[in-house]
Amino acid sequence: MEEKQPSLELPDIPDVGPLIPAPALPWWVWVAMAAVCMILALILLKALKSRKSQQAPLRELAFREAMASLEKARLITAPIALATAASLAIRQYLAAAFADPSLYETHEEFLSRHEALATLPESSRQRLAQDFDLLARLKYAPLETNRDLSGLVPQMIQLLEHLHSVHPVPTAAP
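Residues numbered from 1 in each chain as written. Predicted model: local features only at pLDDT ≥ 70, side-chain atom pairs only at ≥ 80, totals over all residues. Heavy atoms only, no water.

Caption draft 1: Region of interest: the packing of helix α4 (residues 122–140) against helix α5 (residues 152–165). Contact geometry of α4 with α5 gives a least axis separation of 11 Å together with a crossing angle of 155 degrees. When the interaxial angle is binned, α4 and α5 end up roughly antiparallel. In the crossing of α4 with α5, the sense of the turn from one axis to the other is left-handed. Contact residues: Ser124, Arg127, Leu128, Asp131, Leu134, Leu135 and Leu138 in α4; Leu152, Gln155, Met156, Gln158, Leu159, His162 and Leu163 in α5. (Axes fitted to C-alpha atoms, helices over the stretch in contact; angles between N-to-C directions. Helix = DSSP H or I, 4+ residues; strand = E, 2+ residues; numbered from the N terminus. Parallel < 35°, antiparallel > 145°, perpendicular 65-115°, else oblique. Left-handed = near helix turned anticlockwise from the far one by under 90°. Contact = heavy atoms within 4.5 Å.)

Caption draft 2: Representation of the environment of Leu61 within the structure. Tracing the chain through its elements places Leu61 in helix α1 (residues 27–73). Residue classification places Leu61 among the partly exposed positions, given a relative accessible area of 38%. (Buried < 20%, exposed > 50% of the residue type's maximum accessible area, 1.4 Å probe, protein only.)

Caption draft 3: View of the packing of helix α2 (residues 79–98) against α5. Between α2 and α5, the least distance of the axes is 10 Å, while the angle of their chain directions is 5 degrees. With respect to their mutual orientation, α2 and α5 come out roughly parallel. Taken together, the residues of α5 that come into contact with α2 (itself represented by Leu82, Ala83, Ala86, Ile90, Tyr93, Leu94 and Phe98) are Leu152, Val153, Met156, Leu159, Leu160, Leu163 and His164. When its residues are assigned to classes, the contact of α2 with α5 shows 13 nonpolar, one polar and no charged. (Nonpolar A, V, L, I, M, F, W, Y, C, P; charged D, E, K, R; others polar.)

Caption draft 4: Inspection of the pattern of salt bridges at higher detail. A complete count under the given rule lists three salt bridges for this structure. Here Arg74 makes a salt bridge to Glu71, at a shortest N to O gap of 2.9 Å. A salt bridge links Arg137 to Asp133, with the shortest nitrogen-to-oxygen separation between them at 4.0 Å. A residue pair is termed a helical-turn pair when its members lie 3 or 4 positions apart in one helix, as Arg137 and Asp133 do in helix α4 at four residues. (Salt bridge = Lys/Arg side-chain N within 4 Å of Asp/Glu carboxyl O.)

Caption draft 5: Up close: unusual backbone geometry. In this structure, Ala99 takes a positive phi of about 55 degrees despite not being glycine. On the secondary structure map, Ala99 appears in the loop between α2 and α3 (107–112).

Caption draft 6: Spotlight on α2. Over its 20 residues, α2 runs 28 Å from end to end, which matches the ideal 28 Å to within 8%, given 1.5 Å per residue. Taken residue by residue, α2 has Leu82, Ala83, Ala86, Ser87, Ala89, Ile90, Arg91, Tyr93, Leu94, Ala97 and Phe98 as its buried positions. Positive phi shows up at Ala99, right after α2, with a value of about 55 degrees. (Expected span 1.5 Å × (residues − 1).)

Caption draft 7: Highlighting the nonpolar core. Leu70, Ile90, Tyr93, Leu94 and Leu128 are the most contacted members of the largest nonpolar core, which has 32 residues in total. Taken together, the elements giving at least two residues each to this core come down to α1, α2, α4 and α5. With nine residues, the top contributor of residues to this core is α2. With residues up to four places along the chain from it excluded, the contact list for Tyr93 reads Arg59, Ala62, Phe63, Ala66, Phe98, Leu160, Leu163 and His164. (Core = buried A, V, L, I, M, F, W, Y, C linked by side-chain atoms within 4.5 Å.)

Caption draft 8: Spatial organisation of α5. The end-to-end C-alpha distance of α5 is 20 Å, a good match for the 20 Å that 14 residues give at a rise of 1.5 Å each. Residues Leu152, Val153, Met156, Ile157, Leu159, Leu160, Leu163 and His164 constitute the buried set of α5. Down the axis of α5, the smallest arc covering the buried residues is 160 degrees, so these residues share one side. (Arc of directions from axis to C-beta.)

Structural data, given as structure tokens:
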């Protein structure tokens, strides 16, 4: 048997092109995505800014409506009706200005809800609770027929002005 001589020919280098992975996305797609992200960020910032600027007019409108309601309440002579009108005016302001559900709560529910108006300073919350307590007593407790309620509306106007002057403080997320 004859031994076969090894061939001294070198094989050609194989084409490695098919083995190299193609880039996932071309460069222009990355640039386009970055541009879209920047545009969306600008739109989001503009929306947040306009939302913040819309809150001030809503709060101002709620204040004016509550003041008008309290001025109308001056004409009421019945103690229970007067206390109810004053309470409703303040609660409508709280619902519009602070997004507080107190408009739909009883006095006891409002006092038992610990997170009620958490964006207000503690002194403002205590003053509000005291004035709501006064209104609740006038609405639900037996009244003396000769009680002078002429100072009730000015007291509620002072409370409303105080609440309107206080700037809400953001609370930490739970």
